[in-house]
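The lines below spell out each chain.
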Amino acid sequence: MFSRCKENIQRKIYKINRLFNRGIAYAKLCILLLLYIFVFLVLIWVFNIINAVNISGNGNELLTNTSPSLEIPSIQSNQLLNEVYIPQSKKIESQSLINSTKETNPNKTNQNTVVESNPNLISPSQPIAESTEDGDFREFRITVYPETVKIDDELYLKGWTYNGTFPGPAIRVKEGRKVRIIFRNQVPGVRTTVHWHGIPTRNSVDGVPLLTQPYINYGEQYVYEFIAEPAGTYSYHSHGEALQLDMGMVGPFIIEPKDPVYPRTETEWVVSVDEMKIAGQGNPPPANDGNNMDQSMMQRMMPNAILGTADLYNVFTINGKRDPKHVFTAEVNQWVRMRIINFGFQNHRIKVEGMEMYVTHMDGYPLPKAQPVEYVEIAPYERVDVYLIGNKPGKYRMYDIDRGHSEFGLKAKVLLTESEATRTNQQQPQSLSLIRTNRGAPKYQGIIAGIPGPDETKYDRVYNMQLGMAMGNNGMSWAINKVIFTSYDKITPYKVKTGEMVKINLFNMSPENHPMHFHGHHFSIVSINGQTLSEPWISKDTINVKPMQQISIAFKADNPGDWIFHCHQVHHADSGLITYLTYVE
């Protein structure tokens, strides 16, 4: 009896010891996690202090005052076709262009309806927007309304779509055409605007709510008029919050050139890549947007400073389809122009099997010569044009090489065929002018950025912008120079004057990518991580600044107005990573 009692006591002591040891282990794990978070925050704080040596004040002070010399692509302002919107914060009344309407048919056209495009110049599952001629204008009607769209045979998205498709129909026009877009909002409870991403319109039609125009409420319409120039691959999308983009309010905008820099092609693929979150479609793939660490705990602690999108999106698409059935077709030994548009919030690396790839344009602007690549890296809302050519008929695929992306749907079939003309060498492709390897030159996402050497440009203004985090009223949020955007009247804009050469030094002091988009202008990359360029080759409107990276951009101030500059990982912008530039007398 005594021995049995002893065994019971020993058993209980063993269980108590085991529970105690387990509790100690859990406590250690919690301490380690807290230590991890503490070290992460300390590192951000230290980097901010280190970088503060190079940044004075709030970053929008004039640092140099000299004359311009660098030739950067100039922007020809569009003539004034409709009135200027003056924000209410400036306390000047202005009549808006909004007219109430209850018309719900987004595809209403007349007998003059035309599609300005060759049938070979568009991709499967990507419709072209119809338009009509109205005097000097090519007129499009775009309506946003709730629609359930098919992602694959078993998956549907209840979204807000432009003219009922996802992405919206591709707007295609010739360079220099006057364009009128009549936009209608038919989404109950939603207010929105439309931004013409990358097109340097005049300020009044830029589509930024409360800065260049009022919101367009449910049941209202707004008329946008501008001249379609310069030629290039652009996009149009809602402006205001990430949710509207996630719901499908995006579409391609193609301006066809008068005088092409590169050979015309008989076949063109418009490839829109995106990601979305749909319940029941599995766990999201690993992060690729700047870091590979588990962000879930830190996001719970800092919900306003969302640290990426790895744990958000679990469906990846090409032209709105997951693992689409449609096939991208082309002939062997003939050039194909592929226009890639990233409508998502993650970086993607796109590869096409069986074809050589040459990058020719970035954000609509041509490179001086084509550059061969194994794949194309593209950040949120960038556009990259690629010339493709294959020499062997067969079945291939287009896919995202990032781990998990193609498995979750970002892949498509490619078919190369051979006609009698190509088989008998009667139809030979034009040659491309290729760049020779420039060793030691800095690269932007795999593309040589120019000829390295001293930047001898004399800038009128130089601004420093630190991209990072700051403590706000709702906890940690994203900020520029520790200033969290809340409204336009509560931040100090960066000032420029017409004709000035302006340089912006971007410092990413965070663990995330920041694809920074500048409205109304194109800029040149003039320095990457301190390595300057004597001859910049890349002109852009969206620049992806990677963690702990420094990139300097330069532009000529030639499009007056108030122009927003923000992160196009829009979760970051929604949390405060926004500023704007204003022209002064």
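Residues numbered from 1 in each chain as written. Predicted model: local features only at pLDDT ≥ 70, side-chain atom pairs only at ≥ 80, totals over all residues. Heavy atoms only, no water.

Caption draft 1: The arrangement of the overall build of the protein chain in detail. Counting its secondary structure elements, the protein chain contains five helices and 36 strands. By the burial criterion, 58% of the 585 residues in the protein chain qualify as buried. Across the protein chain, contacts joining residues at least 24 apart in sequence account for 78% of those joining residues at least 6 apart. A total accessible area of about 25600 Å² is found for the protein chain, and carbon and sulfur atoms account for 52% of it. (Helix = DSSP H or I, 4+ residues; strand = E, 2+ residues; numbered from the N terminus. Buried < 20%, exposed > 50% of the residue type's maximum accessible area, 1.4 Å probe, protein only. Contact = heavy atoms within 4.5 Å. Areas by Shrake-Rupley, 256 points an atom, 1.4 Å probe, with all protein chains shown as cover.)

Caption draft 2: The arrangement of the environment of leucine 533 in detail. Take leucine 533: it is sitting in strand E31 (residues 531-536). Taking C-alpha positions, leucine 533 is 8.3 Å from alanine 441, a pair spaced 92 residues apart along the chain. Residues within four places of leucine 533 in sequence aside, it is in contact with Pro442, Ala449, Gly450, Ile451, Pro452, Gly453, Pro454, Asp455, Ile525 and Val526.

Caption draft 3: How the structure looks around the packing of aromatic side chains. According to the stated counting rule, one finds 21 aromatic pairs in the structure shown. Above the plane of the ring of phenylalanine 137 lies arginine 180, whose end atom (NZ or CZ) is 4.2 Å from the centre. Just above the ring of tyrosine 375 sits the side chain of arginine 349; from NZ or CZ to the centre is 5.5 Å. (Phe/Tyr/Trp six-rings, centres within 6.5 Å; stacked < 30°, edge-to-face > 60°. Lys NZ or Arg CZ within 6 Å of the ring centre and 35° of its normal.)

Caption draft 4: Layout of the nonpolar core. Counting 71 residues, the largest nonpolar core has Trp269, Met338 and Met398 as its most contacted members. At five residues, strand E19 (residues 383-389) tops the list of elements feeding residues into this core. Among residues more than four places away in sequence, those in contact with tryptophan 269 are Ser123, Phe328, Thr329, Ala330, Val336, Arg337, Met338, Arg339, Met355, Leu388, Met398 and Val414. Core analysis: the second largest hydrophobic core is formed by 29 residues, Val190, Val194, Tyr224 and Met249 among them. (Core = buried A, V, L, I, M, F, W, Y, C linked by side-chain atoms within 4.5 Å.)

Caption draft 5: Focus on unusual backbone geometry. In the segment running from phenylalanine 166 into proline 167, the intervening peptide bond is cis, with an omega of -10 degrees. Along the chain, the position of proline 167 falls in the loop between strand E4 (156-162) and strand E5 (171-174). The omega torsion of the bond from glutamate 229 to proline 230 falls at -5 degrees, within 30 degrees of zero and hence cis. Along the chain, proline 230 turns up in the loop between strand E8 (220-227) and strand E9 (232-238). Even without glycine at this site, aspartate 323 takes up a positive phi of about 45 degrees. For lysine 482, which is not glycine, the phi torsion reads 65 degrees and is therefore positive. When you line up the elements, lysine 482 lands in the loop between strand E26 (475-480) and strand E27 (494-496).

Caption draft 6: Up close: the sheet that holds strand E12 (residues 315-318). If you trace the six strands from one edge of the open sheet to the other, you get E12-E11-E14-E19-E16-E17, paired in mixed fashion. Looking at which strands have only one partner, the edges of the open sheet turn out to be E12 and strand E17 (365-373). Strand-to-strand twist of the sheet, defined as the mean angle between neighbouring strand axes without regard to direction, takes the value 25 degrees. The pairing of strand E16 (residues 356-362) with E17 spans five bridges and is classified as antiparallel. Bridge pairing in E17 places methionine 362 opposite tyrosine 365. (Pairing = 2+ DSSP bridges. Axes fitted to C-alpha atoms, helices over the stretch in contact; angles between N-to-C directions.)

Caption draft 7: Structural detail: the pattern of salt bridges. Applying the stated criterion to the full structure yields 24 salt bridges. Between glutamate 133 and arginine 138 there is a salt bridge, with its nearest N and O atoms 2.3 Å apart. Where arginine 339 meets aspartate 385, a salt bridge forms, and the shortest distance between an N and an O atom there is 3.5 Å. Here the residue arginine 339 occupies a position in strand E14 (residues 336-342), and aspartate 385 occupies one in strand E19, the gap between them amounting to 46 residues. There is no split in this pair, since arginine 339 and aspartate 385 are both buried. One continuous salt-bridge network, built from bridges that share partners, spans Arg172, Lys174, Glu256, Glu268, Arg337, Arg339 and Asp385. (Salt bridge = Lys/Arg side-chain N within 4 Å of Asp/Glu carboxyl O.)

Caption draft 8: Up close: the pairing of strand E34 (residues 550-556). In terms of residue burial, E34 counts as a mostly covered element, since five of its seven residues are buried. Where strand E28 (residues 501-508) and E34 come together, seven bridges link them in antiparallel fashion. Across the sheet, the residue bridging to leucine 506 is isoleucine 551, located in E34. Relative to E34, strand E30 (residues 523-528) is paired through four bridges, and the arrangement is antiparallel. Bridge pairing links serine 524 to alanine 554 in E34.

Caption draft 9: Inspection of the pairing of E19 at higher detail. Most of E19 sits out of view: seven of its seven residues are buried. The alternating pattern of E19 places Arg383, Asp385, Tyr387 and Ile389 and Val384, Val386 and Leu388 on opposite faces, both of which are buried. Pairing of E14 with E19 involves six bridges; the strand directions are antiparallel. Residue pairing across strands places valine 336 opposite leucine 388, the latter belonging to E19.

Caption draft 10: Region of interest: the sheet that holds strand E7 (residues 194-197). Taking strand neighbours across the sheet as the criterion, the four strands line up as E5-E10-E9-E7 in an open arrangement whose pairing is mixed. Looking along the sheet, the strands with just one partner apiece sit at the ends: E5 and E7. Between one strand axis and the next, the sheet turns through 20 degrees on average, direction left out of account. Across six bridges, E9 lies against strand E10 (residues 250-256) in antiparallel orientation. Within the sheet, the bridge partner assigned to glycine 232 lies in E10 and is isoleucine 255.

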